[in-house]
Structure formats: structure tokens, C-alpha cells
Amino acid sequence: MRTTRAIGPALGVSLVLLAGACGDDPSNASDTAADASSETSGDASPSQSPTSTPVDPVDFGEEPAVRKPYKRAALRAVDDELVTMVPTVLPEGWTTVGGGYRADPQWWRMEFTAPAGDVVLDQLPGSSDDVLADRPGLTPGDDVDLSDWGTGRWSAWDHDGATVLAYDLKTSTVVLQGPDLETVRGLAESLLPAEDAGEQEG
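Residues numbered from 1 in each chain as written. Predicted model: local features only at pLDDT ≥ 70, side-chain atom pairs only at ≥ 80, totals over all residues. Heavy atoms only, no water.

Asks: Even after reading the chapter, I still don't get the nonpolar core, so can you show me in this structure?
Replies: Side chains of a nonpolar character, in soluble globular proteins, are inclined to be buried together. Counting residues in hydrophobic clusters, the biggest one holds 30 residues, and the most contacted among them are Trp108, Phe112, Leu121, Trp154, Leu176, Leu187 and Leu191. Elements that contribute at least two residues to this core include exactly helix H2 (71-79), strand S1 (85-87), strand S3 (106-114), strand S4 (117-125), strand S7 (153-159), strand S8 (162-168), strand S9 (172-178) and helix H4 (181-188). Residues contacting Trp154, with those up to four places away along its chain left out, are Asp143, Val144, Leu146, Leu165, Ala166, Tyr167, Val174, Leu176, Ala188 and Leu191. Core analysis: the next-biggest nonpolar cluster, separate from the first, contains 10 residues, Trp107, Leu124, Val164 and Ala166 among them. (Core = buried A, V, L, I, M, F, W, Y, C linked by side-chain atoms within 4.5 Å. Buried < 20%, exposed > 50% of the residue type's maximum accessible area, 1.4 Å probe, protein only. Helix = DSSP H or I, 4+ residues; strand = E, 2+ residues; numbered from the N terminus. Contact = heavy atoms within 4.5 Å.)

Laid out in C-alpha cells, this is it:
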């Protein structure tokens, strides 16, 4: 895990929508030669708002490199049959910092800045119990029911002042981390599998 990051206060048409919805720069068409092993984070770490209080995120190990032009990483994740969760429309005031993917073991990651602070999406193999078991600093909270937004019940946790929401898919778990429940829930409400995101357009 990169020690410089702190957390404070989504095939074709799908990825075109993904770029527009998440703030990716569609002019970055030259990112076709990038390989997963050559992706570097550079200055892509989320920035803190002046009023946010940095909180260390759950440490899942050495995460994938994150790049602002992340569409190739999303394509690789979809091609590897990962039900790659992406936001369709970001909440107001949010910015996508970037995304990254590692194939073995699979790990899809996106990073965002929100008015209240930084938010991270991690998608990892296994159930939420597998992913969050034995992680220090986690206190369980009340589940969050997002059935009206197309998913279902998310388990909620507090992690040293940050909010963690986790949702089990077929073979992986989506873990969202951010400064508070309202912020993290805002991202969770916007998530769809990348394969379905294109179907939502107009």
C-alpha cells in the first residue's frame, strides 16, 4: 500500500459512457500502448480538501497503479470477466482521480475526490468476510439498503473515523471507503456493472 495516500472527510460503448460520467479525458486516445505493469500512480493521489481530516484507509496490500486515463484498465478488468463496478454519474462536486487494474489476483480500483474528502473504490476477490476479516480498526455498523438503486444490502463499517461500505458480488466484493456515510453512499448509489452502464445511456 502506498503510504502517501490518506482518506479524509465502471467494452466499447460502456467505456465511452464511463469516460463521460467519471470525468476521464476522452482526448487521451494515445493511451493505447500502456501495459498494466507500466501503469504508475504519478501525482494521481487524491487531494484533501482544506476542511477534511485525513484518515488511513483499510490496508489491502500493494494496490494497482492508478492512472487518470484508466479506460484501458477498465477494459482489461471486463475482459477478465470481472463484474467491474463503475459509477454512471458522479455526485455533484466529485472528480475522478483515476483507476487501475491488476489481473492476478484481480483488483479493480478507482479513486475520487468529493467535497467532504477522498473516496476509494476497491474490488477484490472473495466475499466481504474474506476481504475484511482480521483488518484492524473496523467496527461493524448498521447495513445500508440500496435495493432502490439496483444493488441491495451493503455492510457498513467504521474504520478509525472513516466509513466503509462493502457489497458481495458473484466472485468479488466491492469496498468503498470515504469520510462519512453520506459521501460513501452517494458513490454506492451510482454504481453499475460496466457491461450494463452503456445500456443506461439515453
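Having seen the model, we can carry on.
Asks: Help me out: how do you make sense of the environment of Leu146 in this one?
Replies: In this fold, Leu146 is placed in the loop between strand S6 (144-145) and S7. Overall, Leu146 belongs to the buried group, its relative accessible area being 0%. Sequence separation of Leu146 and Ala188 is 42 residues, and the distance between their C-alpha atoms is 8.0 Å. Not counting the four nearest positions on each side in its chain, Leu146 is found in contact with Thr151, Gly152, Trp154, Arg185, Ala188 and Glu189.

Asks: Looking at this structure, how should I read the packing of aromatic side chains?
Replies: Geometrically, a pair of aromatic rings is defined through the distance of the ring centres and the angle of the planes. Applying the stated criterion across every chain, the model contains three aromatic pairs. Aromatic pair Trp154 and Tyr167: ring centres 5.0 Å apart, planes at 25°, arrangement stacked. Taken together, the positions of Trp154 in strand S7 and Tyr167 in strand S8 put the pair 13 residues apart, joining distant regions of the chain. For Trp154, a relative accessible area of 0% gives the class buried. The exposure class assigned to Tyr167 is buried, which follows from its relative accessible area of 15%. (Phe/Tyr/Trp six-rings, centres within 6.5 Å; stacked < 30°, edge-to-face > 60°.)

Asks: It is not clear to me how the pairing of S8 should be interpreted in this structure. Could you clarify?
Replies: Every other side chain in a regular strand lies on the same face of the sheet, so the side chains alternate between the two faces. Among the seven residues of S8, six are classified as buried, and the element is accordingly described as predominantly covered. Pairing of S7 with S8 involves five bridges; the strand directions are antiparallel. Each residue of the ladder has a partner; that of Ala156, found in S8, is Leu165. Linking two consecutive strands that pair antiparallel, namely S7 and S8, is a turn of two residues; a positive phi of about 50° is found at Asp160 within it. Two elements, S8 and S9, share six bridges in a ladder whose sense is antiparallel. Along S9, the bridge assignment pairs Leu165 with Leu176. (Pairing = 2+ DSSP bridges.)

Asks: Is there a simple way to think about the environment of Ala73 in this case?
Replies: One can find Ala73 in helix H2. Taking relative accessible area as the criterion, Ala73 reaches 0% and is therefore assigned buried. Remark: the alpha-carbon pair of Ala73 and Ala103, spanning 30 residues in sequence, is separated by 9.7 Å.

Asks: Please explain unusual backbone geometry as it appears in this structure.
Replies: The phi torsion of most residues other than glycine is negative, and most of the peptide bonds are trans. For the peptide bond that leads from Asp104 to Pro105, omega is -10°, which places it in the cis range. If you trace the backbone, Pro105 turns up in the loop between strand S2 (95-103) and S3. Phi at Asp134 takes a positive value of approximately 65°, unusual for a residue other than glycine. Residue classification places Asp134 among the exposed positions, given a relative accessible area of 79%. A positive phi angle, near 50°, is found at Asp160, a position not held by glycine. Mapped onto the fold, Asp160 is located in the loop between S7 and S8.

Asks: Which parts of the structure should I look at to understand the pairing of S3?
Replies: Counting buried residues along S3, eight of its nine residues qualify, which places the element largely inside the surrounding structure. Sheet topology places S2 next to S3; eight bridges connect them, and they run antiparallel. In the strand pairing of S3, Arg102 is matched with Trp107. The turn linking S2 back onto S3 is made up of two residues. Across seven bridges, S3 lies against S4 in antiparallel orientation. From the neighbouring strand, Arg109 faces S4, where its bridge partner is Asp122. Counting the residues in the hairpin turn of S3 and S4 gives two residues.

Take it as geometry only, folks, not as evidence of what the structure does.
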